[in-house]
Amino acid sequence: MNSPESYETVPYPDFVHPRTNPDSIAAMAQLFGAVPPSPHREQCRVLELGCGQGGNLISLASLFPDSQFSGDDLSPGHMAAGQATIAQLGFKNIQLRQGDLSEFPGDAMGSSRDLTYDYILVHGVYSWVPESVRQHVLRICDDHLSPHGVALISYNTLPGWHAKGMVRELIQFHAANHPGEPLQMIREAKRFVADLAESVPESSGYGKLLREQFQGLCQSDESYLFHEQFEAVNEPRYFSQFINEISTASLRFICESSFAFVPSQSPGIQRRLIAMPMVEREQTIDFLCNRTFRQSLICRADSSAPIGESPDSDSITDLFLSTEVSCFDEAGQPLPNTPPDSEMRITNPDGASATLRSATTKAAILHLSQIRPTSKSFSQIWQHVLTTIPNCEDSNATRTLLREELMQLAQVSMVRFATGPLPLTHIVSAQPKSSPLARWQAARGPVVTSQLHQAIRLDAATREMISLCDGFNDHDAIIDGMLRFVSRDGVSLQHEGAAVTDPDLLRSLVAEKVPANLRNLAEMGFLMG
């Protein structure tokens, strides 16, 4: 197994992984016929293997205080950092254990099959450990998943990792000949890849590949890159191989943790995909996408749930929906409260767009857009549609059409599903409140975790506002706090091209900005309901 010393020398970044949210996992699994417990309605037990410093698990413990969270990691330094954070936050529903994954559960976590979990999270582990440990990870899932439990396992995939693997070999070759301090080796290796890329014509396939891989290196955290490139084991696999591995361990594939983007398909490929069984179809989609990474949801093979090979839009009836899209009319103007009679264009934060024509779907998406990032149940959305569209037919056929179109939008990242109402609000109250975790993080660094289980890098002023949103400060107190921030940190506000020195004008300008900034916090998912 990879040495713990490397993680003491270069701690792994304390990332938050949005797709590990048990609520998101449960919703996706439910679409395919599984029946996992909802963390909104039940006291779930969640285990994360290879939890690092615990940042991902701590965020989940904050979101679901009635559930219990356990983390396991090899690094003593990771565990000490995570336990210190938990102690400072005062969380009682999370525990971390330092130990070798191959020895799990060990005495500290309970005995063999007596300890079961509704969710087991294995993110950033499976491809990075020896075969014996991979088999043990699967045994843990088989032994410790509850009857309707779900495990998420992430892993590097082929064919996409062939190119990444080539660059990993280049980097390791360079580092072997130019050893040094860990992060300095990464920086030197990136310069080496850059020099190679600049020396190969961009018009060639190899030159394009090197440039794409170099861009990926530049966009990645250096500590992450160190472990990605230099750990002894990093073994990608084909999806079909993974299916064989979990089947041997008495486990069963449900679906991916999110819908995959599938590029335009030729008529021939479309015909082939329709006729293929699930494993062959999924593997072929990986060939189409040149996929590099999967986050697969699995359950015990003896689960009684009727797992399907495709998502069932009827399942949306029992789910909550949200969206991040903005809505526009045909002329590109933002829409008011009423959907247009003509086409409606929607765009998500990634720049993807779609055109809606169905009246019911336009009404549903416009409503969700106006209350983003909060969620509504399908029944609540349907009632809104009935009251918005004159003479809308309240029939099974009309509801079915809406569910089918919402499913299609989810498959292109325009709609998200949850099993319960998200713990946030789109309305700025008289005494706005951010989470204790967000306030704690805002006081300590630039990255703050939202109620959407997303880590966001923020500027100092935004972090100060999050700290002031404690549920007690009203808007005047928040304005006072931001004035203190401006004075304390020497921030210079400009008005009509000149620095503001007049105290009354300064307060007026700050007071003018605070409402809009609070609305932005709500839209980013930082304000609690």
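Computed from a prediction, not measured in an experiment: that's the story for all the values here.

A. Local environment of the pairing of strand β2 (residues 68-73). Of all 6 residues in β2, 5 are buried; the element is thus mostly enclosed. As judged from the 5 bridges shared by strand β1 (residues 45-49) and β2, these two strands associate in the parallel manner. Pairing of Leu47 across the sheet is with Ser70, part of β2. With helix α3 (residues 55-63) bridging β1 and the parallel β2, this β-α-β connection has right-handed handedness. Here 5 bridges tie β2 to strand β3 (residues 94-98), and the two strands are oriented parallel to one another.

B. Geometry of the packing of aromatic side chains. Enumeration according to the criterion identifies 7 aromatic pairs in this entry. Summarising the aromatic geometry, the rings of Tyr238 and Phe287 are spaced 6.2 Å apart at their centres and angled 70° between planes, so their arrangement reads as edge-to-face. Note that Tyr238 is positioned in the loop between α9 (222-230) and α10 (239-248) and Phe287 in helix α12 (residues 278-289), a separation of 49 residues in sequence. Taking the relative accessible area as the measure of exposure, Tyr238 reaches 26% and is therefore partly exposed. According to the relative accessible area criterion, Phe287 is partly exposed, its value standing at 48%. With a centroid separation of 5.1 Å and 75° between ring planes, the pair formed by Phe239 and Phe253 is classed as edge-to-face. Of this pair, Phe239 sits in helix α10 while Phe253 sits in strand β6 (residues 251-256); the two residues are 14 residues apart in sequence, bridging distant segments of the chain. A relative accessible area of 0% means that Phe239 is categorised as buried. Residue Phe253 is classed as buried on the basis of its relative accessible area of 10%. Members of the aromatic cluster, each reached through a chain of ring pairs, are Tyr126, Tyr155 and Phe242.

C. Spotlight on the sheet that holds strand β11 (residues 353-356). Strands sit in the order β9-β10-β11 across an open sheet of 3 strands; the sheet is antiparallel. Two strands close off the open sheet at either side, each with one partner strand: β9 (326-328) and β11. Adjacent strand axes in the sheet meet at a mean angle of 25°, parallel and antiparallel pairs treated alike. Alignment of β9 against strand β10 (residues 344-347), held across 3 bridges, turns out to be antiparallel. Directly across from Ser326, in β10, lies its bridge partner Thr347.

Thresholds applied
Residues numbered from 1 in each chain as written. Predicted model: local features only at pLDDT ≥ 70, side-chain atom pairs only at ≥ 80, totals over all residues. Heavy atoms only, no water. Buried < 20%, exposed > 50% of the residue type's maximum accessible area, 1.4 Å probe, protein only. Helix = DSSP H or I, 4+ residues; strand = E, 2+ residues; numbered from the N terminus. Pairing = 2+ DSSP bridges. Right-handed = clockwise from strand over helix to strand, strands pointing away. Phe/Tyr/Trp six-rings, centres within 6.5 Å; stacked < 30°, edge-to-face > 60°. Axes fitted to C-alpha atoms, helices over the stretch in contact; angles between N-to-C directions.

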